[in-house]
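Topology and contacts: notes
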Amino acid sequence: MARMQHSTIREILKITKRPEIISFAGGLPAPELFPLEAFRESLNQALSEDSTGCLQYDVTEGYPPLKEFLCAWLSRHGLSCKPEEMMLTNGSQQALDLIGKAFLNPNDRVLVENPTYLGAIQAFNAYEARYTSVLMDASGLLMAETEQKIRKDHPKFAYVVPTFQNPSGITMTLERRKAFIKLAQKYKLPIVEDDPYGYLRFSGDIQPSLYSVAKGRGVVYLSTFSKILSPGIRLGFVIAPPEIIRALVLAKQAADLQPNSLLQRAVYCYGKNGHLDRHIPFIIESYRQRAGTMLAAMDRYFPSSVRWIPPEGGMFIWCMLPNKISAAKLFKKALAQNVAYVTGRVFHANGGGDQTLRLNFTNSTPDQIEEGIKRLGKVFSEAL
Ligand code: PMP
């Protein structure tokens, strides 16, 4: 318990629920885009086609037809796997917890990107992990530093979000992906690839997953329905060699026995009726617009010394304030103007990142984005 910290983001979410606040803080999908009617239909269909299955206990690995559907769906996205290499989890957050439970002993090191996903730090902290953090540039993890730190710290595995990373929005280039896989194979370093955002690309070229680049060797791949359908249904999936799936299944049995029977069947109906393929382009189009609105407003209202990385997809824009301006200190001033963001510090496993902050563009309308960025620009300009 001493190593476990509460999530600053979840605390911020309590404040930002106030209606007057324009929040760029959470990582929430746009609620007005939820496919309510199609999902209602799918739930009804699941209940009428397999009522007993919907209400009964089920296998830990996940509902087999959903796994088969997912394997076929993923193969159309360039990722080839078999149902025995897959399990369903209660969101990919649970997969992170199960990975920690199955593979981390106290004081084992996890190599992470700097910055990295806060929820992964939270999950691994429960298993008393230590972190070896490696800086990124706009092409992803820096390879020389990665190699040097693998040799020095002997991490148990690497945890990375290579596509539209949370929090930085950075996408690892193909060249960097290949170099990283080569390094990982040289040092027999397993990789956990977390990919909740990869299906939300609105510009640039599609990059193959690390899992695909490595042809599955040494990579555990995680993704989720949270950003492409709904986070409330809490369904994610893991792809890994069968022996790793067996370990994670044991860990999951102890945690919660199985994924939700009803929702797995509803998502299966939703997918097989073609809704997933229809819905994702719809989300992407809206996120492209919102990201564009935010970037244009940043150009207009932020002082020129503030820098940021334009993302090609996902949900976040990462900002860097000029020297000595603390994003944490400015947070209160921003909140006084009824606008919120997440300070970058919380995403740094070993401290630092004081001048950075994360902006979410998916959970506000274009008008709110315009107004919120204008207010933030004022706060930054005054601080400068
Ligand atoms: N990994 C990353 C990088 C995330 O950003 C998130 C959600 N914020 C998760 C995992 C967890 O997603 P879920 O449990 O909803 O699938």
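Rules and cut-offs
Residues numbered from 1 in each chain as written. Predicted model: local features only at pLDDT ≥ 70, side-chain atom pairs only at ≥ 80, totals over all residues. Heavy atoms only, no water. Domains from an automatic or database assignment. Contact = heavy atoms within 4.5 Å. Buried area = accessible area lost by both parts, 1.4 Å probe. Axes fitted to C-alpha atoms, helices over the stretch in contact; angles between N-to-C directions. Helix = DSSP H or I, 4+ residues; strand = E, 2+ residues; numbered from the N terminus. Parallel < 35°, antiparallel > 145°, perpendicular 65-115°, else oblique. Left-handed = near helix turned anticlockwise from the far one by under 90°. Nonpolar A, V, L, I, M, F, W, Y, C, P; charged D, E, K, R; others polar. Core = buried A, V, L, I, M, F, W, Y, C linked by side-chain atoms within 4.5 Å. Buried < 20%, exposed > 50% of the residue type's maximum accessible area, 1.4 Å probe, protein only. Salt bridge = Lys/Arg side-chain N within 4 Å of Asp/Glu carboxyl O. Phe/Tyr/Trp six-rings, centres within 6.5 Å; stacked < 30°, edge-to-face > 60°.

**Looking at the domain arrangement of the chain**
- You can read the domains of the chain as domain 1 (8-33 + 280-383) and domain 2 (36-273).
- The C-alpha centroid of domain 2 is placed 26 Å from the C-alpha centroid of domain 1.
- Contacts between domain 1 and domain 2 engage 25 residues on the former and 29 residues on the latter.
- With both chains or domains summed, domain 1 and domain 2 bury close to 2300 Å², and 65% of this area falls on carbon and sulfur atoms.
- Considering only the side of domain 1, the residues that lose the most area to domain 2 are Ile-280, Glu-312 and Phe-347, jointly responsible for 25% of the buried surface there.

**Details of the packing of helix 4 (residues 64-76) against helix 12 (residues 275-301)**
- It is at 12 Å that the axes of helix 4 and helix 12 come closest, and there the two elements cross at 45 degrees. For the element pair helix 4 / helix 12, the angle class is oblique. You can see that helix 4 and helix 12 cross each other, and the crossing is right-handed. Along the contact surface, helix 4 presents Phe-69, Trp-73 and Arg-76, while helix 12 presents Leu-276, Asp-277 and Ile-280.
- Along the lines of polarity and charge, the residues of the contact of helix 4 with helix 12 split into 4 nonpolar, no polar and 2 charged.

**Some remarks on the nonpolar core**
- The biggest cluster of nonpolar side chains holds 104 residues, and the ones touching the most others in it are Phe-225, Met-298, Phe-302 and Leu-359.
- Ranked by the residues each element gives to this core, the list is headed by helix 12, at 10 residues.
- Both domain 1 (8-33 + 280-383) and domain 2 (36-273) contribute no fewer than three residues apiece to this core.
- Setting aside residues no more than four positions away along its own chain, Phe-302 makes contact with Ala-297, Trp-308, Cys-319, Leu-359, Ile-373, Leu-376, Gly-377 and Phe-380.
- Residues Ile-99, Ala-129, Val-238 and Leu-248 belong to the second largest nonpolar core, which totals 27 residues.

**Here we look at unusual backbone geometry**
- Note that the residue after Asn-114, namely Pro-115, is joined by a cis bond; omega there is 5 degrees.
- Along the polypeptide, Pro-115 turns up in the loop between strand 3 (109-114) and helix 6 (118-125).
- With an omega dihedral of 20 degrees, the bond running from Asn-166 to Pro-167 counts as a cis peptide bond.
- Of note in this structure, Asn-107 is not a glycine but carries a positive phi near 75 degrees.
- Relative to the assigned elements, Asn-107 resides in the loop between helix 5 (91-103) and strand 3.
- Unlike most non-glycine residues, Glu-128 shows phi in positive territory, near 60 degrees.
- Considering the arrangement of structural elements, one finds Glu-128 in the loop between helix 6 and strand 4 (130-137).

**Comments concerning the pattern of salt bridges**
- Applying the stated criterion across every chain, the model contains 20 salt bridges.
- Glu-32 is the partner of Arg-290 in a salt bridge, and the nearest nitrogen-oxygen pair spans 2.8 Å. In this pair, Arg-290 is assigned in helix 12 and Glu-32 in the loop between strand 1 (22-23) and helix 2 (36-49), connecting sequence segments 258 residues apart.
- Classification of Arg-290 by relative accessible area gives buried; the value is 6%.
- Across the pair Glu-37 and Arg-40 runs a salt bridge, and its minimum N-O distance is 2.9 Å. With Glu-37 and Arg-40 both in helix 2, this residue pair falls 3 residues apart, about one helical turn.
- A single network of salt bridges, built from pairs that share partners, joins Asp-50, Asp-58 and Arg-265.

**A word on the environment of Lys-329**
- Considering the arrangement of structural elements, one finds Lys-329 in helix 13 (residues 327-336).
- Accessibility expressed as a relative area gives 67% for Lys-329, which makes it exposed.
- With 25 residues separating them in the primary sequence, Lys-329 and Asp-354 have C-alpha atoms 9.2 Å apart.

**Let's talk about the side chain of Lys-252**
- Secondary-structure assignment places Lys-252 in helix 10 (residues 242-256).
- Not counting residues within four places of it along the chain, the set of residues in contact with Lys-252 comprises Thr-60, Met-87, Leu-88, Thr-89, Asn-90, Gln-94, Leu-98, Leu-257, Gln-258 and Pro-259.

**Considering the packing of aromatic side chains**
- The final tally for this structure, using the stated rule, is 13 aromatic pairs.
- Three or more aromatic residues joined by ring pairs form one cluster here, namely Phe-124, Phe-157 and Tyr-159.

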